[in-house]
2 protein chains.
Amino acid sequence: MAAEIRDVVEQYVALVGKGATDEIVALYAEDAVVEDPVGTEPHRGHEAIRKFYAAIEGLEKRTELITARISGSSAAFHFSVVTTVGDNEVELSPIDVMTFADGKITDMKAYWSQEDFIFRTA
Amino acid sequence: MAAEIRDVVEQYVALVGKGATDEIVALYAEDAVVEDPVGTEPHRGHEAIRKFYAAIEGLEKRTELITARISGSSAAFHFSVVTTVGDNEVELSPIDVMTFADGKITDMKAYWSQEDFIFRTA
């Protein structure tokens, strides 16, 4: 199961980089809950989750998986998202935690805050 | 609150390195729950949590906080624990997630597996 979970995490990070909303949503169980960042109102179910990812799909970005830990039926991973806006780049590297059942993500929590944004010239 | 949470995370990592069981337990709320690693039976309350940390306090080890993300009243952080046994070192770098209330840790989940141990000669 650990290998299967790691594979979904790798797919997730790559698909966020591509802005591939439908493929991201397909990684989630129908009744999954996404809290991103933790402390904000969660998105419940495929429709709400689709809206959440669709809102950022048009941004030009690249992602990289920094490190992942698999524990039981859960994964915690650190990854970076670099978004390019004109001559500027914004980098955010959250720590996400996902819980899995039957190969699908049932719960995702993203840990980051506004203070974690790094702004620079591309 | 973010600064207070970050301070507790830094204290925690340093105290784990020292094997300072009583001081670690004092960071937790009375009815806190520790699941380390995630997927194993949780330790509930100060007495159970004390036993858990006391079991590893005698080991010669050093710790380092690699990165931390604060989100609402929670923190996720990646840190390393290097344990020295004779001429050998064992490194484990889990991702831990903590939830806080009134400045105390109420819930801790550690994400790692046996596959994450790195063995080397000191």
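Preceding block: the structure.
Residues numbered from 1 in each chain as written. Chains lettered and ligands numbered in written order. Predicted model: local features only at pLDDT ≥ 70, side-chain atom pairs only at ≥ 80, totals over all residues. Heavy atoms only, no water.

## Focus on the packing of aromatic side chains
- Counting across every chain of the model gives 16 aromatic pairs over all chains.
- Measuring from ring centre to ring centre gives 6.1 Å for Y12 of chain B and Y53 of chain B, while their planes differ by 85°; the resulting arrangement is edge-to-face. With Y12 of chain B in helix α1 (residues 2-18) and Y53 of chain B in helix α3 (residues 45-54), this pair connects stretches of sequence that are 41 residues apart. For the residue pair Y12 of chain B and Y53 of chain B, the accessibility class agrees, reading buried in each case.
- Aromatic side chains W112 of chain B and F117 of chain B sit 5.6 Å apart centroid to centroid with 75° between the ring planes, which places their arrangement in the edge-to-face category.
- Judged by its relative accessible area of 14%, W112 of chain B is buried.
- The rings of Y12, Y28, F52, Y53, F77 and F79 of chain A are connected pair by pair, giving a single aromatic cluster. (Phe/Tyr/Trp six-rings, centres within 6.5 Å; stacked < 30°, edge-to-face > 60°. Helix = DSSP H or I, 4+ residues; strand = E, 2+ residues; numbered from the N terminus. Buried < 20%, exposed > 50% of the residue type's maximum accessible area, 1.4 Å probe, protein only.)

## Concerning the relation of the copies chain B and chain A
- Rotating chain B by 180° and translating it 0.0 Å along the rotation axis places it on chain A, where the RMSD comes to 0.0 Å. The symmetry that links the two subunits is that of a two-fold axis.
- A high fraction, 100%, of the interface residues of chain B reappear at the interface in chain A, so the copies pair face to face through one surface. (Least-squares fit on C-alpha atoms with pLDDT ≥ 70 in both. Contact = heavy atoms within 4.5 Å.)

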